[in-house]
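Breakdown of the fold
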Amino acid sequence: QKGETDIPAMPGSGRIVVKGAAQDDGGVFTDYTTQAQGGATSDVVLLPAVPVTNDAFYLGFDIPAGMSTIDIDVAGVGSWAVTWEYYDGSSWVSLSDVDDRTSAFSILGRNITTWTVPTDWTQTTIVSIEAYWVRARVSSFTSITTQPIASLIQYETGQWWTWIESLPLDTQEQL
């Protein structure tokens, strides 16, 4: 509520386009930042045509984040698994409490992946972009029939803000 006017919905942190996006195909990186920020349909190739273990897709954020949103236009079909990881300053470490609603990029539409924000997350540089990076690393692979392709990739901090125009002196509000 603002003053005496009800606000119909509390605004969230809002989705923010990723600072960087890249595919790693056997150590060869392809920069998909512009495509991931633009939202044109089916222009972000999430995995190589024939992925192998340790290929990955990287998402870079301006600040530590707890959620990514990927608009998957072509759902991947095949048999593989991904492990979501972050950089701790010396190595890539598995994120905690991951809820991958993309199901390793195999679910069509706008999907989120959430995790607990690491306290030791460190910025690193991928495709010439310094950011807080997470990666979906192929941890096992058997087959692929359809390559997963996305468009817009965003993230959220998980913080929510509430606006209180004014409080009378000696008043406490619980939100």
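Right, let's walk through the structure included here.

Definitions and cut-offs
- Residues numbered from 1 in each chain as written.
- Predicted model: local features only at pLDDT ≥ 70, side-chain atom pairs only at ≥ 80, totals over all residues.
- Heavy atoms only, no water.
- Helix = DSSP H or I, 4+ residues; strand = E, 2+ residues; numbered from the N terminus.
- Buried < 20%, exposed > 50% of the residue type's maximum accessible area, 1.4 Å probe, protein only.
- Contact = heavy atoms within 4.5 Å.
- Phe/Tyr/Trp six-rings, centres within 6.5 Å; stacked < 30°, edge-to-face > 60°.
- Salt bridge = Lys/Arg side-chain N within 4 Å of Asp/Glu carboxyl O.
- Polar contact = N/O pair within 3.5 Å; in protein donor to acceptor, adjacent residues only side chain to side chain.

A tally of regular secondary structure across the protein gives 1 helix and 13 strands. Scanning the protein from its N terminus toward the C terminus, one meets helices and strands in the order β-β-β-α-β-β-β-β-β-β-β-β-β-β. Across the 175 residues that make up the protein, the buried fraction comes to 38%. Considering only residue pairs separated by 6 or more positions, the protein has 75% of its internal contacts joining residues 24 or more positions apart.

If you walk through the whole model with that rule in mind, you get 12 aromatic pairs. Considering the side-chain rings of Phe29 and Tyr58, the 5.4 Å spacing of their centres and the 55 degrees angle between planes classify their relative orientation as tilted. On the criterion of sequence distance, the pair formed by Phe29 in strand β3 (residues 28–31) and Tyr58 in strand β5 (residues 56–61) is long-range, its members being 29 residues apart. Taken together, a centroid distance of 6.3 Å and an interplanar angle of 70 degrees make the contact between Tyr86 and Trp121 edge-to-face. With Tyr86 in strand β7 (residues 77–87) and Trp121 in the loop between β10 (109–116) and β11 (124–126), this pair connects stretches of sequence that are 35 residues apart. Overall, Tyr86 belongs to the buried group, its relative accessible area being 7%.

A few words on the pattern of salt bridges. Tallied over the entire structure, the rule returns 4 salt bridges. For Arg135, the salt bridge is made with Glu85, and the minimal N-O distance between the two is 2.6 Å. Residue Arg135 is located in strand β12 (residues 129–146), and its partner Glu85 is located in strand β7; the two are separated by 50 residues in the primary sequence. Grouping residues by exposure puts Arg135 and Glu85 together as buried.

Another point: the environment of Gly109. Counting through the fold element by element, Gly109 comes out in strand β10. For Gly109 and Asp73, which are 36 residues apart along the polypeptide, the C-alpha to C-alpha distance reads 6.2 Å. With residues near it in sequence (within four places) discarded, Gly109 still touches Ile70, Asp71 and Ile72.

Residue classification places Arg135 among the buried residues on the basis of a relative accessible area of 12%. Note: C-alpha distance between Arg135 and Leu59 (76 residues apart in sequence) is 6.1 Å. Look past the residues within four positions of Arg135 in its chain and what remains in contact with it is Ala56, Phe57, Tyr58, Thr83, Trp84, Glu85 and Trp92. Within the structure, the side chain of Arg135 is placed 2.9 Å from the side chain of Tyr58, a separation counted as a polar contact. One polar contact links Arg135 to Glu85, side chain to side chain, over a distance of 2.6 Å.

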